[in-house]
Amino acid sequence: MVIPVHDVNPVGRTPYVTYALIAANVFVFVFMPGLAGSVPGDSEVARLCHTQAFLEQYAAIPQELIRHQLPRLVPTGELAPSGGCALGPPGYDKSPALSVLTALFLHGGWLHLVGNMLFLLIFGNNIEDRLGRVRFALFYVACGYAASYGYAFLNADSGDPLIGASGAIAGVLGAYLVLYPKARVWVLVPFLVFLPLRLPAWLVLGSWFVLQAVYSSGEGVSDVGTVAYAAHLVGFVAGMILAWPLRPGTPPPPEPRGLLFGRRARPGW
């Protein structure tokens with residue numbers, strides 16, 4: 001897979017929402033329970049149990065999204081006397097629908113986080129510039145929800161936590177393909193060494209989508225169960241659909257009028 005590093009597509013305004021999303025994701029990851037040093041003691045098992053309990057409460061879980069109910073027993077975050085992680089009745093009131101939003105800011109590791117934020121940084125600024133800040137924030141969340149629920153419907157019996165901003169960012173990629181298919185993107189192509197190439201966005205993002213489809217089918221990967229490739233596909237298509245009315249040749253949407261947060265809305269907000 002090629003690694004994008006920069007797109008040749010200037011923007012007309014500072015992408016504050018994109019930067020804020022990146023900062024929020026990094027902040028949550030750094031303070032997410034289960035990282036080395038975040039749990040008292042040096043026990044790897046203790047960190048694992050604490051992480052499982054945290055994800056059970058704040059991650060999106062397909063079974064819960066479809067059935068709208070919590071399991072009878074969940075990880076408590078404590079060690080069981082016989083070893084492993086203790087289970088008990090949930091001591092919290094979790095909203096499955098709201099868990100989709102919280103899950104968008106959780107990541108399973110530095111590689112997961114950095115990869116997502118790199119794509120968001122490169123492609124998110126142009127989508128924010130085209131949609132405006134408020135519409136972009138709503139678009140981002142909408143794609144995240146579409147990806148999570150789409151994956152849940154395809155895996156209704158799964159109890160595995162679904163975390164990460166990948167579905168929402170896939171929507172950003174789908175929108176970019178619709179709005180800026182001819183924009184040039186600098187990428188690194190692994191071929192003995194990393195070769196820098198400047199390729200059209202339709203080729204970079206189109207090949208990314210095809211690769212996700214191949215991986216979703218289980219071809220070419222041994223750990224398909226650990227990555228929600230189907231969520232990437234749903235998010236990407238959702239982004240394309242939402243961006244389609246704004247494709248090249250169509251006029252931009254009118255800016256909202258009226259009061260917003262107690263003052264008159266300004267263009268881009």
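Parameters at a glance
Residues numbered from 1 in each chain as written. Predicted model: local features only at pLDDT ≥ 70, side-chain atom pairs only at ≥ 80, totals over all residues. Heavy atoms only, no water. Axes fitted to C-alpha atoms, helices over the stretch in contact; angles between N-to-C directions. Helix = DSSP H or I, 4+ residues; strand = E, 2+ residues; numbered from the N terminus. Parallel < 35°, antiparallel > 145°, perpendicular 65-115°, else oblique. Left-handed = near helix turned anticlockwise from the far one by under 90°. Contact = heavy atoms within 4.5 Å. Nonpolar A, V, L, I, M, F, W, Y, C, P; charged D, E, K, R; others polar. Phe/Tyr/Trp six-rings, centres within 6.5 Å; stacked < 30°, edge-to-face > 60°. Buried < 20%, exposed > 50% of the residue type's maximum accessible area, 1.4 Å probe, protein only. UniProt positions renumbered as here; feature names shortened; annotations may be inferred. 1 Å grid on protein atoms, 1.4 Å probe; cavity = no way out; pocket = protein on both sides within 12 Å on 5 of 7 lines; lining within 4 Å. Points joined across faces, edges and corners; volume = space filled by probe spheres on them. Polar contact = N/O pair within 3.5 Å; in protein donor to acceptor, adjacent residues only side chain to side chain.

What follows deals with the packing of helix α1 (residues 16-30) against helix α5 (residues 110-131). The N-to-C vectors of α1 and α5 enclose an angle of 170°; their axes lie 8 Å apart at closest approach. In terms of orientation, α1 and α5 fall into the roughly antiparallel class. Of the two possible hands of crossing, α1 and α5 adopt the one that is right-handed. In contact with Y16, V17, T18, Y19, L21, I22, N25, V26, F29 and V30 of α1, α5 contributes W110, L113, M117, L120, L121, G124, N125 and E128. In the contact of α1 with α5, the residues fall into 13 nonpolar, 4 polar and 1 charged.

Summed over all chains, the structure comprises 11 aromatic pairs. A ring pair is formed by F27 and F31, whose centres lie 4.9 Å apart and whose planes are at 45°; its orientation type is tilted. The exposure class of F27 is exposed, given its relative accessible area of 53%. The exposure class of F31 is exposed, given its relative accessible area of 60%. Taken together, a centroid distance of 6.4 Å and an interplanar angle of 50° make the contact between F136 and Y140 tilted. Of this pair, F136 and Y140 are both found in helix α6 (residues 133-154), 4 residues apart, which corresponds to roughly one turn of the helix.

Next up on the list: the UniProt feature "transmembrane region" (unreviewed entry) in the protein. According to UniProt, the positions carrying the feature "transmembrane region" (unreviewed entry) are residues 16-36, 97-124, 136-156, 162-179, 191-215 and 227-246. For residues 97-124, the helix share is 79%, the strand share is 0%, and the end-to-end C-alpha distance is 25 Å. End C-alpha to end C-alpha, residues 136-156 measures 29 Å, and it is 90% helix and 0% strand.

What the largest pocket holds in volume is close to 1100 Å³. Surrounding the largest pocket, 41 residues form its lining, H112, N116, S166, V227 and H232 being those nearest its centre. Among the secondary structure elements, those contributing two or more residues to the lining of the largest pocket are β1 (3-8), α4 (96-103), α5, α6, α7 (166-179), α8 (201-216) and α9 (229-243). For the lining of the largest pocket, the element with the most residues is α5, which contributes 7 residues. The class makeup of the residues in the lining of the largest pocket is 26 nonpolar, 14 polar and 1 charged.

In this structure, H232 sits in helix α9. Within polar-contact distance, the side chain of H232 engages the side chain of Q212 at 2.7 Å. When near neighbours in sequence (up to four residues on either side) are disregarded, H232 contacts S166, G167, A170, W208, Q212 and V227.

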